[in-house]
Protein chains: 2
Amino acid sequence: MLYPGNAKKEYHKEINYANRGMDLEALINDANKYYYINDLAIIYKKPTPITINHVEYPNNQKVITKATFKRKSTLDYVGLYQGKYLDFDTKSTTSKTSFTLNNIAKHQLEHIKKVISHGGISFLIISINNQVYLFKGEDLIYFIENEKRKSITLNYLKEKGYLIPYSFNPILNYLKVINNVYFKTK
Amino acid sequence: MLYPGNAKKEYHKEINYANRGMDLEALINDANKYYYINDLAIIYKKPTPITINHVEYPNNQKVITKATFKRKSTLDYVGLYQGKYLDFDTKSTTSKTSFTLNNIAKHQLEHIKKVISHGGISFLIISINNQVYLFKGEDLIYFIENEKRKSITLNYLKEKGYLIPYSFNPILNYLKVINNVYFKTK
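Residues numbered from 1 in each chain as written. Chains lettered and ligands numbered in written order. Predicted model: local features only at pLDDT ≥ 70, side-chain atom pairs only at ≥ 80, totals over all residues. Heavy atoms only, no water.

**Digging into the interface of chain A and chain B**
Interface size is often expressed as the accessible area that is lost when the parts come together.
Thought 1: Of the residues lining the interface, 48 residues belong to chain A; the matching set on chain B comes to 48 residues.
Thought 2: The junction of chain A with chain B conceals about 3,900 Å² of combined surface from both sides, 65% of it contributed by carbon and sulfur atoms.
Thought 3: At the boundary of chain A with chain B, the tally comes to two salt bridges.
Thought 4: Asp39(A) serves as the salt-bridge partner of Lys114(B), at 2.9 Å between the closest nitrogen and oxygen.
Thought 5: Connecting chain A to chain B are 12 residue pairs in polar contact (both at pLDDT 80 or more).
Thought 6: Breaking the side of chain A that touches chain B down by element, the ones donating at least two residues are strand E1 (42–45), strand E2 (50–56), strand E3 (63–69), strand E4 (77–81), strand E5 (84–93) and helix H3 (106–117) of chain A.
Thought 7: Among the elements that line the side of chain A that touches chain B, the one with the most residues is E3(A), at seven residues.
Thought 8: For the side of chain A that touches chain B, the per-class residue count stands at 21 nonpolar, 17 polar and 10 charged.
Thought 9: When E3(A) meets strand E3 (residues 63–69) of chain B, the two strands line up antiparallel, connected through four bridges. (Contact = heavy atoms within 4.5 Å. Buried area = accessible area lost by both parts, 1.4 Å probe. Salt bridge = Lys/Arg side-chain N within 4 Å of Asp/Glu carboxyl O. Polar contact = N/O pair within 3.5 Å; in protein donor to acceptor, adjacent residues only side chain to side chain. Helix = DSSP H or I, 4+ residues; strand = E, 2+ residues; numbered from the N terminus. Nonpolar A, V, L, I, M, F, W, Y, C, P; charged D, E, K, R; others polar. Pairing = 2+ DSSP bridges.)

**Things to note about the pairing of strand E8 (residues 131–136) of chain B**
Residue and element names in this part refer to chain B.
Thought 1: A large share of E8 lies buried, amounting to five of its six residues.
Thought 2: In this sheet, E8 lies alongside strand E7 (residues 121–128) in antiparallel orientation, the contact comprising six bridges. In the strand pairing of E8, Ser-127 is matched with Val-132.
Thought 3: The hairpin turn running from E7 into E8, its antiparallel successor, is two residues long, and Asn-129 in that turn takes a positive phi close to 50°. (Buried < 20%, exposed > 50% of the residue type's maximum accessible area, 1.4 Å probe, protein only.)

**A short note on the environment of Ser73(A)**
Thought 1: Within the secondary structure, Ser73(A) sits in the loop between E3 and E4.
Thought 2: Taking the C-alpha atoms as reference, Ser73(A) lies 9.8 Å from Thr48(A); in sequence the two are 25 residues apart.

**Some details on the pattern of salt bridges**
Thought 1: Under the criterion given, the structure shown has 10 salt bridges over all chains.
Thought 2: Ionic pairing is found between Arg149(A) and Glu147(A), a salt bridge with its closest N-O pair at 2.8 Å.
Thought 3: Since its relative accessible area comes to 24%, Glu147(A) is described here as partly exposed.
Thought 4: Salt-bridge contacts for Glu25(B) lead to Lys45(B); the nearest nitrogen and oxygen are separated by 2.9 Å. Note that Glu25(B) is positioned in helix H2 (residues 24–37) and Lys45(B) in strand E1 (residues 42–45), a separation of 20 residues in sequence.

This is the structure:
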C-alpha cells in the first residue's frame, strides 16, 4: 500500500549527519514510514500548498507549467496515534546553544494553541547541537507568554524538553517519547 | 489568521446548485471555514501532492515551471474535533438512485480501515440526488465485505447513512450529524 506522505522519495535521500546539522525532516519521515508499515501510527507530512496558474495536457497527461508556493499556515506534520490527533513541526538550528523564537511564525503559534484547545497534541521537534528534543506546545506557549527572552537556551530545552535519543530503527523513535510525555499511565 | 486550508479561494467560488449536482466540496469547505472562524473545529482539505520537476526564480520568486500531480493516497479532509481525529472524503454521484463503489479507490478504503483501527473517525460525505448523507467508514467496510453488490442504493443510504440537512449557516452543518453519530451521550 502507498504510504500517505511524500516520504517515499525522501526516505531514500541521503541523510546528512555532517557538522552543519543532520537532516531532521528525513529522520522524521523515516520514522513515520516505520510507524506506518508497522501499523503503529498514521503520521505524514502535509504537502506544501501551491497556487496553480497554468496547466497543459501533453500526451493526455496533466502537467502544471506555472505554479507558485503558498505559505503553509499550519505545521508540517499531522497524524493519528492511539486515538489522538498529532500536529507538529520540525525545527533545526545551527546555533549550538540556543533556539531563537524567530524560527516560529506567528500563525504557527496560533495553530499550536488552537490544536491544544481542541484536545489535540501539538509540539515541536527541535534539532540543536546534534541532539533532538521534543518541546511541548504548552511549554512553548508558557515560555513565550512568561519569559522575556527571544530564544530558548539549550539548557532550558534540556530541562523542560524531552530528549529523543538515537536508536537503531527508526533512528529517531519519537513516538517512544510521546508515550512517556502524553500517554504515561500512573 | 490564515485559515489552514485552500478554502479561501474555493469559498468565494460560485456554488452550483444546478441539476447536475451541487458543488459538494465548496459546501464542505464553506462549513470548515465557519467551524474554524467560530473555533468549533479545525478541519481542512489536504493539498494535492505534486512532483516538482523544474523550478525557476524570476524576480527572486520561486516559480514551479514543471510539475505533475501525484495520486492522493489518503482522503481529502483531515481535522480535529473535540479531541478526535477526523479523516474523510466527499463523493458526488450523478446517479439519482445509487452510489457505485467504483468511486472509492482501494487505497482509500485501506486508509479508512487504518484510521478506524487507530481510533480515528472516518466516513464519506455522499451527495446523491441533491441530498447529502454521512456514511460511516465502519458501515462502508461492512457493506463491501458482506454485500455482493457493486453499488449502494439510495434506499440503503437512507437507512444506514445519516442525512445532513441543509441549514442557513453553514449550509451543510455536518458537525451536527457527527455529534449525533459519534458523540451522542447516553
